[in-house]
Amino acid sequence: MAAKDISARGPVHVAIIMDGNGRWATSRGWPRLIGHRRGANRVRSIVRAAPTLGIRYLTIYAFSTENWKRSTEEVLGLMSLFARYIRNEADKLHDAGVCVRFIGARERLEPALRDLMAGIEEKTRHCSRLTLTIAINYGGRDELARAARRVAEDVAAGRLAAADVDERALADRLDTVGLPDPDLVIRTSGESRISNYLLWQSAYSEFEFTDTLWPDFTPDELAKLVARFSARDRRFGGVAAE
Ligand code: IPE
Ligand code: IPE
Ligand code: MG
């Protein structure tokens with residue numbers, strides 16, 4: 001009898017909702033920003049581990065379009081943490097073969113941060129061991145609305161016929177153009193929601209929710225979730241294998 005056709009392959013694209021930094025810190029009586037700093041350290045170790053697990057694309061949620069609701073102190077703290085991460089890591093990421101790109105609406109970010117983002121994208125453009133996509137001021141609905149606006153502009157300008165607006169036309173105008181859809185979406189901290197992340201792209205993703213807070217999430221746990229993914233039966237609307 002044929003073995004059940006389970007996907008022996010690991011996930012090529014893993015997307016992570018890095019949640020729980022604030023609770024990690026406040027449970028210790030520390031300011032939330034300390035949790036974000038610990039979270040940034042976690043990013044370093046997870047990025048290092050990802051290619052060794054066969055992951056070619058890693059997409060991490062750093063700041064959502066809704067996170068502006070937080071205190072000015074926290075928002076500014078996060079923005080300077082992003083700038084520091086880029087400054088400190090640019091050379092190391094380049095040398096490790098990591099191509100860095102960003103998704104999200106950049107206009108609302110400080111020009112200095114935007115320059116750093118453009119700089120690391122340019123510097124690592126030719127790297128191919130891992131593509132690290134960082135979502136800053138990213139929201140799935142905002143991304144879809146911006147893509148729809150581009151479709152409308154192209155139709156109005158006569159570059160695209162309305163009858164040719166299909167899934168591909170929309171996908172080609174998303175921030176994630178060129179990236180495969182995520183195979184696996186992981187959310188830490190015990191919350192079981194998507195929080196406006198990769199709404200279009202995760203249509204057929206597998207999901208893992210873990211109680212671990214992001215500053216405690218280790219490469220070992222990532223390896224465990226990757227192994228579990230490999231045992232899943234993905235059907236994409238078809239029927240289960242015998
Ligand atoms: C995730 O941790 C990081 C960001 C959203 C920027 P949180 O800051 O959401 O941590 P909790 O959920 O409050 O614990
Ligand atoms: C999602 O976490 C956003 C990021 C991890 C950057 P949130 O903490 O903002 O999500 P909610 O508010 O719990 O849904
Ligand atoms: Mg949170």
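Relevant structure appears above.
My aim in this report is to walk through the structure given alongside it, one point at a time. Quick caveat: nothing in here was measured; it's all calculated off a predicted structure.

The rules we used
- Residues numbered from 1 in each chain as written.
- Chains lettered and ligands numbered in written order.
- Predicted model: local features only at pLDDT ≥ 70, side-chain atom pairs only at ≥ 80, totals over all residues.
- Heavy atoms only, no water.
- Near = heavy atom within 4 Å.
- Polar contact = N/O pair within 3.5 Å; in protein donor to acceptor, adjacent residues only side chain to side chain.
- Areas by Shrake-Rupley, 256 points an atom, 1.4 Å probe, with all protein chains shown as cover.
- 1 Å grid on protein atoms, 1.4 Å probe; cavity = no way out; pocket = protein on both sides within 12 Å on 5 of 7 lines; lining within 4 Å.
- Sits in = over half its atoms within 2 Å of the grid points.
- Helix = DSSP H or I, 4+ residues; strand = E, 2+ residues; numbered from the N terminus.
- Nonpolar A, V, L, I, M, F, W, Y, C, P; charged D, E, K, R; others polar.
- Buried < 20%, exposed > 50% of the residue type's maximum accessible area, 1.4 Å probe, protein only.
- Contact = heavy atoms within 4.5 Å.
- Expected span 1.5 Å × (residues − 1).
- Arc of directions from axis to C-beta.
- Core = buried A, V, L, I, M, F, W, Y, C linked by side-chain atoms within 4.5 Å.
- Pairing = 2+ DSSP bridges.
- Points joined across faces, edges and corners; volume = space filled by probe spheres on them.

### As for the site of ligand 2
Okay, step 1: Surrounding ligand 2, one finds Ile-17, Met-18, Asp-19, Tyr-61, Ala-62, Phe-63, Asn-67, Arg-70, Arg-187, Arg-193 and Ser-195.
Okay, step 2: Interatomic distance of 3.2 Å between a side-chain N/O atom of Arg-70 and an oxygen atom of ligand 2.
Okay, step 3: Within the side chain of Ser-195, one N or O atom sits 2.6 Å away from an oxygen atom of ligand 2.
Okay, step 4: Contact with the protein chains removes 78% of the 390 Å² of surface that ligand 2 exposes when unbound.
Okay, step 5: The cavity that encloses ligand 2 is the largest pocket.
Okay, step 6: Sorting elements by how many residues they give to the shell around ligand 2 places strand 2 (residues 57–64) first, with three residues.
Okay, step 7: Across the shell around ligand 2, the residue classes tally to five nonpolar, two polar and four charged.

### Overview of the side chain of Thr-188
Okay, step 1: Turning to its location among the elements, Thr-188 is positioned in the loop between strand 5 (184–187) and strand 6 (206–209).
Okay, step 2: Its relative accessible area of 0% is what places Thr-188 among the buried residues.
Okay, step 3: For Thr-188, the side chain forms a polar contact with the main-chain oxygen of Asp-19, separated by 2.7 Å.
Okay, step 4: Aside from chain neighbours lying at most four places away, what touches Thr-188 is Ile-17, Met-18, Asp-19, Thr-210, Thr-212, Leu-213, Trp-214 and Phe-217.

### Quick word on helix 4 (residues 111–123)
Okay, step 1: A rise of 1.5 Å per residue sets the reference length of helix 4, with its 13 residues, at 18 Å; its end C-alpha atoms lie 18 Å apart and thus fit the reference within 8%.
Okay, step 2: Those residues of helix 4 that sit buried are Leu-113, Met-117, Ile-120 and Glu-121. With its buried residues spanning 105° around the axis, helix 4 presents them on a single face. Pointing more than 90 degrees away from the buried face of helix 4 are the exposed residues Ala-112 and Asp-115.
Okay, step 3: On its buried face, helix 4 is in contact with helix 3 (72–95) and strand 3 (98–103).

### A short note on the nonpolar core
Okay, step 1: Membership of the largest hydrophobic core comes to 40 residues, with the highest contact counts inside it found for Ile-16, Val-47, Leu-58, Leu-132 and Ile-134.
Okay, step 2: For this core, the leading source of residues is helix 3, giving nine residues.
Okay, step 3: Not counting the four nearest positions on each side in its chain, Leu-132 is found in contact with Val-47, Leu-58, Ile-60, Tyr-85, Val-98, Cys-99, Val-100 and Arg-101.
Okay, step 4: Counting residues in each nonpolar core, the second largest holds nine residues, with Ile-103, Val-185, Tyr-197 and Leu-198 among its members.

### What to know about the pairing of strand 1 (residues 13–17)
Okay, step 1: Strand 1 sits mainly inside the fold: five of its five residues count as buried.
Okay, step 2: Here strand 1 shows two buried faces, one formed by His-13, Ala-15 and Ile-17 and the other by Val-14 and Ile-16.
Okay, step 3: Direction of pairing for strand 1 relative to strand 2: parallel, over a ladder of five bridges. Counterpart to Ala-15 in the pairing with strand 2 is Thr-59.

### Some words on the layout of surface pockets
Okay, step 1: In this structure, the largest pocket encloses a volume near 700 Å³.
Okay, step 2: As for the largest pocket, its lining consists of 33 residues, and the residues nearest its centre are Met-18, Asn-21, Tyr-61, Ala-62 and Asn-67.
Okay, step 3: Mapped by element, the contributors of at least two residues to the lining of the largest pocket are helix 1 (21–26), helix 2 (32–49), strand 2, helix 3 and strand 4 (130–138).
Okay, step 4: Approximately 260 Å³ is the volume found for the second largest pocket.
Okay, step 5: Along its surface, the second largest pocket is lined by 14 residues, and Arg-168, Ala-171, Leu-179, Asp-181 and Trp-200 are the ones closest to its centre.
Okay, step 6: Per-class residue counts for the lining of the second largest pocket are seven nonpolar, three polar and four charged.

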